[in-house]
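Residue strings, one per chain:
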Amino acid sequence: MKIVAGIDVGGTNTDAVLVRDGQIVAWSKIPTTPDVQSGIVAALAGLPDAALSRRVHIGTTAFTNALIERRDLASAAAIRLGKPVSESLPPMTEWPPDLQSAVRNQSHFVSGGREYDGRPIGELNRDEIRRVARQLAASNVTQVAVTAVFGTSYPDDETRAAEWLVEDNPNLQVSLSHRIGRFGILERENATLLNAMLRPLAARTLAAYQAAVPANLFISQNDGTVAHGPRASEAPIFTIASGPTNSLRGAATLASSREAIVLDVGGTTTDAGVLHLGYPRPAGLDLAVAGVRTNFRMPDLCSIGIGGGSLIDAATGAVGPRSVGFRLTDEAMVFGGSTLTLTDVAVAAGRIDLGERSRVRLVDAGIVARVDSYLRARLARLLENYERLGQHFPIILVGGGAPLIEELLRGLGREVVRPAHADVANAYGAAMAQVGGEADLTFSSAAISREEALARAEREAHRRALAAGASPASITIVELEDAALSYLAGDALRVRARAVGDIEDPAS
Amino acid sequence: MSFEIRRADITALTLGSTVLGCGGGGNSYYGQLVARRLLSDDSAVPVIDVDEMDPGSFAITPAVVGAPLVCLEKPPSLIALHAGLKSVKAALHGRVSAFFAAEIGGLQCIFPLLLAAEAGLPLLDGDGMGRAFPELQMTTFAIYGTTHGLPHALSGDRGLLSAGFPKDDDPAMQARSSDEPPGIRFERVVRKICAAEGGLIYLTSAFDRESLRRTLVRGSISLALRIGRAVESAREAHRDPVAAIVEAAEGKRFVAGKVVDVERQFRAGHDWGTVRIEGVDEDHGRAAEIAFKNEYLVLRFGDQVALTVPDLITLIETETGTPVSTDILRPGLRVTVVGLPASPLLRTAAALKSVGPCAFGYDLPYISLK
């Protein structure tokens, strides 16, 4: 029997769920407290038998907020291995000026790094690293981001530089680019530097979380997996986009679906995302974090301006994008207001029972029909973004506005699932998360076939999932892709694999 | 007709050049960053027509040769650019009056801009392709017999690798087996050196004014800027950015849809594949298929070939107007397929041997936009 508590610390509410063998057995929702920890304690206290859980998984926006608000950030040093390659783009190129001035970051270029085929650009130099370590000691910088040219494929130089730095100055904490980012030196270095800047805050915050929970602490990450507390405090940057990921995965898992479209109908918008093999399909574009370009991926989300508070044009049936938003209970007609909203139309059509129905008796069948035909067209177009011709994924409907469009979707011939507990989907997504590992490698493939390259990436991802705490039998590969380094004779290959697995709890 | 490029124009220029890159030409993001670092706010690079060059003078084109993916770990090398320039300049004894891009599509337009700004010389409004192509023999210079530049230099991260000072009447320069396109031997040799030198080298070449007047695809810098600015102003005004591109470049909108399938394979150092697009909204029910080899080459609707190389087939993200390169294709992307006419210099019988469908292994006639 596995008992896990999942907590989502949102801007407004802190939600907690207790999950036993995949089923929610208790949940609680309390206002987020300024110190966060006491909210976590209170949310857990609201769960009977919370003490039975072996693990607590927490989804947090603490580090995203610190970056956006430029507070509690540490000064860090960027060390680039690969001199003279990449000198034209020094660290922190085109960072927002206010972020640059919030910290006293510094940069060093030293020898090291590799070519695509593994040949050294220059040898890592012990004396050069020692000089850098001395300078860092003199300027009281303890956080270091080390980035080598082709470091994702050939991480040895980064690892050795870190060993030497700590040998010379035991106070240093080193973030290594190959553990943080992907191919693309500047975006990877950006992410590694942001990570270094967050580490002291992460150590304090996660220690406080751990003190607040009576079990093993795991933290939600961007890719839908969780990391064990000590690992998470070494890589806080991985939490940066975990919110939307938890929401999509939570909804899909509640509905027992691995291939589905999730529609979250709120007051102002309907947000859509799609799951493949149980994980959100990522968007193609790079993610800017606090104005800094990184190469993390966000879930591919689409938003349309249709929600419970959306304004209705009675003549045309057009819905939104303007909305009364949180003023719904003052301004909607069923609540005594004078604005015709989508909620009013749903009440008039008998789809929901809210407020006073008598206030919308002037909303006749003609208006309902016009609104319905508008909604059908917009929803069909939204779904079209995620489906091929003739292909239909089940739709998982969550959010307060779900009843507004459920009947319409069924009318379009769609399979609709409205899971119970959808309002704590984020916390459930956190609770149900697995652990994972990713490998992003390049091979000079004169000597190695594409199949062998893919197999090596799979093995490496598998190894990293294991190191993250996955039970060996449960590990599966959820992403596998390759791309050629075109224009090079001999087909140099880049391969990427991601593995996930269930967390192996220590025997009790 | 001359105008100036300023630091603030770099985004529009590279956006337009990426549209003209037809899915290839390399990611220009790092190039843009370098250009914005090196150009001061008050620097202005004059752009002139090739006719305005001093008689008897030369223009220099710096270019990068290699794998676009390697560029993501090895950003533009100023050491390499300066070493190539120094070598070629020395051989010309000061008769340099301008810089220009060998390839407008993608990353390459940045390098001549950087060197022109540093040298205080103008940039020519033109290039050797009017788009992006994968190989050196696919320039109008190679097609019309000016080979790869006289003189030229190869350089890398640590400086000069080699320098060539051939004469244009040298019989060795002309020697080739009759059915091969001109310039292909040089391409093969450079590619070997490139692979041995970390996957990325820089080729700096000089061309004389008279050769350029004959072979340059004119107006491509101003076209790239026009496209980039059109997209930027459409975005600001919340107008359709794809329509803005079509209008600015006198192109044709073929279909708006979503990517449903991408098949790729890697053969002989190139990224070959097919992308399938299903129409949405007003194009609902239409399905397009585009074959690519680094760049988009052949557009089909069912069995019907709608457009082929050398005309420009370009994919634009429908909502943002951002061009979509072949390496970021993935299911779910919402794109519009736009065709743009190739330069008349690429549409002659001689040019089609080097850059027509058959040059890429397709047994198809050239289907043009016009």
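Refer to the structure presented above.
Residues numbered from 1 in each chain as written. Chains lettered and ligands numbered in written order. Predicted model: local features only at pLDDT ≥ 70, side-chain atom pairs only at ≥ 80, totals over all residues. Heavy atoms only, no water.

## Observations concerning the interface of chain A and chain B
Here is step 1 of the chain: At the interface, 49 residues of chain A touch 48 residues of chain B.
Here is step 2 of the chain: In total, chain A and chain B occlude about 4,300 Å² of area from one another, counting both sides; carbon and sulfur atoms represent 56% of this.
Here is step 3 of the chain: Connecting chain A to chain B are 5 salt bridges.
Here is step 4 of the chain: Across the contact surface, chain A and chain B share 17 residue pairs in polar contact (both at pLDDT 80 or more). (Contact = heavy atoms within 4.5 Å. Buried area = accessible area lost by both parts, 1.4 Å probe. Salt bridge = Lys/Arg side-chain N within 4 Å of Asp/Glu carboxyl O. Polar contact = N/O pair within 3.5 Å; in protein donor to acceptor, adjacent residues only side chain to side chain.)

## Notes on the packing of helix α10 (residues 220-236) of chain B against helix α11 (residues 241-248) of chain B
All names here are of chain B.
Here is step 1 of the chain: Where α10 contacts α11, the two axes come as close as 8 Å, and the packing angle between them is 155°. Taken together, α10 and α11 sit at an angle that is classed as roughly antiparallel. For α10 against α11, the interelement crossing comes out right-handed. Packed against α10, whose contacting residues are L223, R226, I227, A230, V231 and A234, the element α11 presents P241, A244, I245 and A248 at the interface. (Axes fitted to C-alpha atoms, helices over the stretch in contact; angles between N-to-C directions. Helix = DSSP H or I, 4+ residues; strand = E, 2+ residues; numbered from the N terminus. Parallel < 35°, antiparallel > 145°, perpendicular 65-115°, else oblique. Left-handed = near helix turned anticlockwise from the far one by under 90°.)

## Side note on the sheet that holds strand β8 (residues 173-176) of chain A
Residue and element names in this part refer to chain A.
Here is step 1 of the chain: One open sheet holds the 4 strands; their spatial order is β6-β5-β7-β8, and the pairing between them is parallel. Taken across any chain shown, the strands that pair with only one partner, and hence form the sheet edges, are β6 (106-110) and β8. Pairs of neighbouring strands in the sheet enclose a mean axial angle of 20°, with direction left out of account.
Here is step 2 of the chain: Where strand β5 (residues 76-81) lies against β6, 5 bridges are found, and the strand directions are parallel. Note on β6: the bridge partner recorded for A78 is S107.
Here is step 3 of the chain: Its contacts with the sheet put helix α4 (residues 126-138) on β5, β6 and β7 (143-148), and the angle it makes with β6 is roughly 170°. (Pairing = 2+ DSSP bridges.)

## A word on the packing of helix α1 (residues 37-45) of chain A against helix α7 (residues 185-212) of chain A
Residue and element names in this part refer to chain A.
Here is step 1 of the chain: At a closest axis distance of 9 Å, the pairing of α1 and α7 adopts a crossing angle of 25°. Relative to α7, the element α1 lies roughly parallel. You can see that α1 and α7 cross each other, and the crossing is right-handed. Where α1 abuts α7, its residues Q37, I40, V41 and L44 lie against A208, Y209 and A212.
Here is step 2 of the chain: Class assignment for the residues of the contact of α1 with α7 results in 6 nonpolar, 1 polar and no charged. (Nonpolar A, V, L, I, M, F, W, Y, C, P; charged D, E, K, R; others polar.)

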